[in-house]
Amino acid sequence: MMPPELALAIAQFNCGEFYACHDTLEALWLEAAEPERTFYQGLLQVAVACYHLRRGNRRGAILLLGEGRRRLQQCDPNFYGLDLTPFLAAVAELQGQLQTSLEAEPKIHLHLAVAAAPDQA
């Protein structure tokens, strides 16, 4: 049975209240034993990643998305009756998008409308 605090944290996450979600999950995580502890920590890290992303800390978001995903992948995909598979896929996709746009070479080209004569260069 899902603890009411977890249901609250999920509602907070889904409403974009990532800092409040972090607080709710942290209280659960500090008191939990395994395997719940790993689950709560992974979910907490994804929430904090979203909070960082909202505040413009892309690097922190990328790192925490990876840590959170790694922890959640250790859990039963139906932990507490949740379907973690599509959630983990969305986390991986977001992490990939952030890494690509952060680390890739810019895909920009300069096109000259008229070739400059050698004496004009």
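Placed above this text is the structure.
This write-up is about the structure you can find in this document. (Residues numbered from 1 in each chain as written. Predicted model: local features only at pLDDT ≥ 70, side-chain atom pairs only at ≥ 80, totals over all residues. Heavy atoms only, no water.)

What follows is about the environment of Met2. Inspection of the secondary structure puts Met2 in the segment before helix H1 (4-14). Owing to a relative accessible area of 27%, Met2 belongs among the partly exposed residues under this scheme. Each C-alpha atom, one on Met2 and one on Gly81, is 7.7 Å from the other, the two residues being 79 residues apart in sequence. Filtering out sequence-adjacent residues up to four positions away, Met2 remains in contact with Ala7, Ile10, Tyr80 and Leu82. (Helix = DSSP H or I, 4+ residues; strand = E, 2+ residues; numbered from the N terminus. Buried < 20%, exposed > 50% of the residue type's maximum accessible area, 1.4 Å probe, protein only. Contact = heavy atoms within 4.5 Å.)

Below, the discussion takes up the packing of aromatic side chains. Tallied over the entire structure, the rule returns seven aromatic pairs. Seen in terms of ring centroids, Tyr19 and Tyr51 are 5.3 Å apart; in terms of plane orientation they differ by 50 degrees. Their pairing is tilted. With Tyr19 in helix H2 (residues 18-31) and Tyr51 in helix H3 (residues 36-54), the pair connects residues that are 32 residues apart, well separated along the chain. Tyr19 sits in the partly exposed class, given a relative accessible area of 47%. Accessibility expressed as a relative area gives 27% for Tyr51, which makes it partly exposed. In this structure an aromatic cluster arises from ring pairing among Phe39, Tyr40, Phe79 and Tyr80. (Phe/Tyr/Trp six-rings, centres within 6.5 Å; stacked < 30°, edge-to-face > 60°.)

At a closest axis distance of 9 Å, the pairing of H2 and H3 adopts a crossing angle of 160 degrees. Taken together, H2 and H3 sit at an angle that is classed as roughly antiparallel. Once H2 is placed against H3, the crossing between them reads as left-handed. In contact with Phe18, Tyr19, Cys21, His22, Leu25, Glu26, Leu28, Trp29 and Leu30 of H2, H3 contributes Arg37, Tyr40, Gln41, Leu43, Leu44, Ala47, Val48, Cys50, Tyr51 and Arg54. For the contact of H2 with H3, the class distribution of residues is 14 nonpolar, two polar and three charged. (Axes fitted to C-alpha atoms, helices over the stretch in contact; angles between N-to-C directions. Parallel < 35°, antiparallel > 145°, perpendicular 65-115°, else oblique. Left-handed = near helix turned anticlockwise from the far one by under 90°. Nonpolar A, V, L, I, M, F, W, Y, C, P; charged D, E, K, R; others polar.)

As a further point, take the nonpolar core. By size, the foremost hydrophobic cluster in this structure holds 28 residues, and its most contacted members are Leu6, Phe13, Leu25, Phe39 and Tyr40. Of all the secondary-structure elements, those providing two or more residues to this core are H1, H2, H3, helix H4 (58-73) and helix H5 (84-103). Considering every element that reaches this core, the biggest residue donor is H3, with nine residues. (Core = buried A, V, L, I, M, F, W, Y, C linked by side-chain atoms within 4.5 Å.)

Turning our eyes to something else, we now look at the side chain of Gln45. Relative to the elements of secondary structure, Gln45 occurs in helix H3. With sequence-adjacent residues up to four places away left out, Gln45 is seen in contact with Leu64, Glu67, Gly68 and Arg71.

For H2, spanning 14 residues, the distance from its first C-alpha to its last is 20 Å, which sits close to the expected 20 Å at 1.5 Å a residue. Those residues of H2 lying buried are Phe18, Cys21, His22, Thr24, Leu25, Leu28 and Trp29. (Expected span 1.5 Å × (residues − 1).)

Below, the discussion takes up the layout of surface pockets. There is about 170 Å³ of room inside the largest pocket. Looking at the largest pocket, the residues that line it are Ala9, Ile10, Phe13, Asn14, Cys21, Leu25, Leu43, Leu82, Asp83, Leu84 and Phe87. Within the residue set of the lining of the largest pocket, elements represented by two or more residues are H1, H2 and H5. Looking at the lining of the largest pocket element by element, the count peaks at four residues for H1. A breakdown of the residues in the lining of the largest pocket according to their chemical character gives nine nonpolar, one polar and one charged. (1 Å grid on protein atoms, 1.4 Å probe; cavity = no way out; pocket = protein on both sides within 12 Å on 5 of 7 lines; lining within 4 Å. Points joined across faces, edges and corners; volume = space filled by probe spheres on them.)

So far we have only geometry, and geometry alone does not tell us how the molecule works.
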